[in-house]
Amino acid sequence: MVADAGGVPVGQTLGTITALRPKWLPKQTYTYRLKLESRLAIGDQPPMVAFHLASEAELQLRELPEKSLQFSVRLVGPKFSGASGGADGQFDRLAIELEAPFFFTLTAGRLAEVRGRAGASRFATSILHTIAASLQFRVRQSQVFLAGQQRKSTGRGLTK
Amino acid sequence: MRSSPDELGRTKQSYGLMKLGKTMIPGVDTQLTTVVVKSEGSLRLGSVSGSMPARDLRNVEYSEQLQTAMGPSATVNSHTTLALSLQSRQPSPAPKDWAAELTGTAPLNPKLMGASSPDSFDAQRIGSFTFDTALGALETEARTQGTTPPGDPTSTKASVQATSAAFSAMAALLRTQPVLVAQAERRIRTGSAAANLMLDTLGSAGSPQAQQALASVMNDAKLSEPLRRAAAFSLIRTPTPTPETLQALMEHTKGGPLMVHALYGLGTMSRHLREAGATSESSSIVRLLVERLSEAESPSVQVHVLRGIANSGDSDALQAVKPWLGSTVSKVKTAAVDAIRLMPGEAVERLLAEQFKGNNPEAQLAAIDAMIVRDPSTILVQALAEGAKNAEKPATRLRAAGLLQKWLPGHPELLPALKELAQNDVNPHVREAAALALAGKKP
């Protein structure tokens, strides 16, 4: 969800994916073509915000401990088209802002961190999160303990 | 969900708390729950250059529609599509200086940005409610709880809607008018019938002032323990804890009636903070939990600290937890297995495999629960294949049957283990569940 500028929360869960997963190689530069479209509307009203973003994206990565991969991403020539909503010149400024490199870390396939220029706008942050989250590959249901909880020896999992 | 040998389907099933952005809707900045209306996509693997390995991520495509309730009547709909297609993969021209490039960057996290400032949608939530009318509605609900005649769905639904509206309005009032937080705290302290609901509205408001009020109630030894526990329970669910909130909870980790809330809550907060990029705060919590583990004298305290660590899922605590996997006290050993289940890494997988194939029935059960939430690594697949039939408890073998079914499509080597349970298990329920799993049905 980009158009609401909320980005993809790191806590989201994705559907189960098989063990087949991409092989990422360090010391390589991956060049992708990126297209991102998003629109946001209240109810059935016309969109408050809509845009198309096209860019090249250069990815490099390194391995970190504990099944973590850190990616460096540079958007090359990001361009907005069909943009509506937002303040005057906002999308032009955003395009410039998006040219700054950003980094994200996948731990065991899941998005663990996104880093970028300090003071990045919320809109840029949202877009960068969306791009990073699109490369996630795993599911982990976070089962946590709550006060008063006990393990059930029948049924599934832990219940309150 | 593999749709072809090199293509994976992907579906988003749920969405965490999120914020709407000021840049999109001026003045908006709030936490919302979003429902996935539709989500579909695919990932395609293959070699862009035709060379090995043929597991480059060539294409990512997804499309999703989300809906966020902004109040009783307003919903925000969003539609996003993303496509990434690999153009080339080439050796990088020069070694990258990661440390230098990371200098000057900061965690980018929508969840932590500008928490709890007033927002225009709160106005919709508040509607015509005032503090007094919202409180009145919540108190009426609290007094009538359990008095609705059973089998009266109409009045139950109306009651839930009325309470929900009042609750949302009160949380929005507390968030947008911090001065009301003191008033809310006063009503809680003076025995409002809706004291527990009011604590929850403070938790939902999530503002620093609301957290401070919850901590104040939690720490007031003159108040009843149930009320203090309720305050603690609301406080530990706040998604954006302030440093003061963390400190307040840390002070309860040494003992007392709120120790369990503090340990479990801090563990969860640690994980959320780490996922949000606040690694320093997260690590300091985990260090504290490890310290408490080393000081824990009774088995029950050891169990609680281990569960706090479990909630953190932080592999920095692995070395501290490992010795407890060998505990002779079953519940401590089991809690140690729980403690590592969300930690990443092969070392953890080996430990889980060892526990699953070990001879402690409770630890076997904890291990299968851990395996259920992990990926089917070679180590875990092998452990499941070897250990399923020998697990002591029927409940463990039942869960093993479910996991065998889940992992089977990608790991046909698990088929004999599932057949073994279906044909030879001593427990008829396990046999039935495994047979259903073999037939591709849910047990």
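Residues numbered from 1 in each chain as written. Chains lettered and ligands numbered in written order. Predicted model: local features only at pLDDT ≥ 70, side-chain atom pairs only at ≥ 80, totals over all residues.

Caption draft 1: Examining the overall build of chain B more closely. Across its full length, chain B carries 20 helices and nine strands. For chain B, buried positions account for 47% of its 443 residues. Long-range pairs, those at least 24 residues apart, make up 63% of the contacts in chain B between residues at least 6 apart in sequence. (Helix = DSSP H or I, 4+ residues; strand = E, 2+ residues; numbered from the N terminus. Buried ≥ 20, exposed ≤ 12 C-beta atoms within 10 Å, placed from the backbone. Contact = placed C-beta atoms within 7 Å.)

Caption draft 2: Region of the structure containing the packing of helix α5 (residues 179–189) of chain B against helix α6 (residues 195–205) of chain B. Residue and element names in this part refer to chain B. The contact between α5 and α6 brings their axes to 9 Å, and the two run at 150 degrees. Classified by the angle their axes make, α5 and α6 are roughly antiparallel. Taken as a pair, α5 and α6 cross one another with a handedness that is left-handed. On the side of α5, the interface is formed by A184, R187 and I188, while α6 contributes A195, M198, L199 and L202. Residues of the contact of α5 with α6, tallied by class, amount to six nonpolar, no polar and one charged. (Axes fitted to C-alpha atoms, helices over the stretch in contact; angles between N-to-C directions. Parallel < 35°, antiparallel > 145°, perpendicular 65-115°, else oblique. Left-handed = near helix turned anticlockwise from the far one by under 90°. Nonpolar A, V, L, I, M, F, W, Y, C, P; charged D, E, K, R; others polar.)

Caption draft 3: Expanded view of the pairing of strand β3 (residues 49–64) of chain A. Residue and element names in this part refer to chain A. Relative to β3, strand β2 (residues 28–42) runs antiparallel, the two being bridged by eleven bridges. Pairing of L40 across the sheet is with V49, part of β3. Hairpin connection, β2 to β3: the antiparallel pair is bridged by six residues, and G43 has positive phi, about 55 degrees. In this structure, β3 lies alongside strand β4 (residues 68–84), joined through 13 bridges in antiparallel fashion. Considered in β4, the bridge of A54 is made with K79. (Pairing = 2+ DSSP bridges.)

Caption draft 4: Representation of helix α19 (residues 415–424) of chain B in the model. Residues and elements named next belong to chain B. For α19, the complete set of buried residues consists of A417, L418, L421 and A422. Along the axis of α19, the buried positions cluster into a sector of 135 degrees, meaning they face one direction only. Summarising the geometry of α19, the exposed residues directed more than 90 degrees from the buried face are P416, Q423 and N424. Where α19 is buried, its residues contact α17 (378–387), α18 (394–407) and α20 (428–438). (Arc of directions from axis to C-beta.)

Caption draft 5: Inspection of the packing of helix α12 (residues 299–312) of chain B against helix α14 (residues 330–340) of chain B at higher detail. All names here are of chain B. One can describe the packing of α12 onto α14 by two numbers: an axis separation of 8 Å at closest approach and a directional angle of 10 degrees. In terms of axis orientation, α12 runs roughly parallel to α14. Facing α12, whose interface residues are P299, Q302, V303, L306, R307, I309 and A310, α14 presents K331, V332, A335, A336, D338 and A339.

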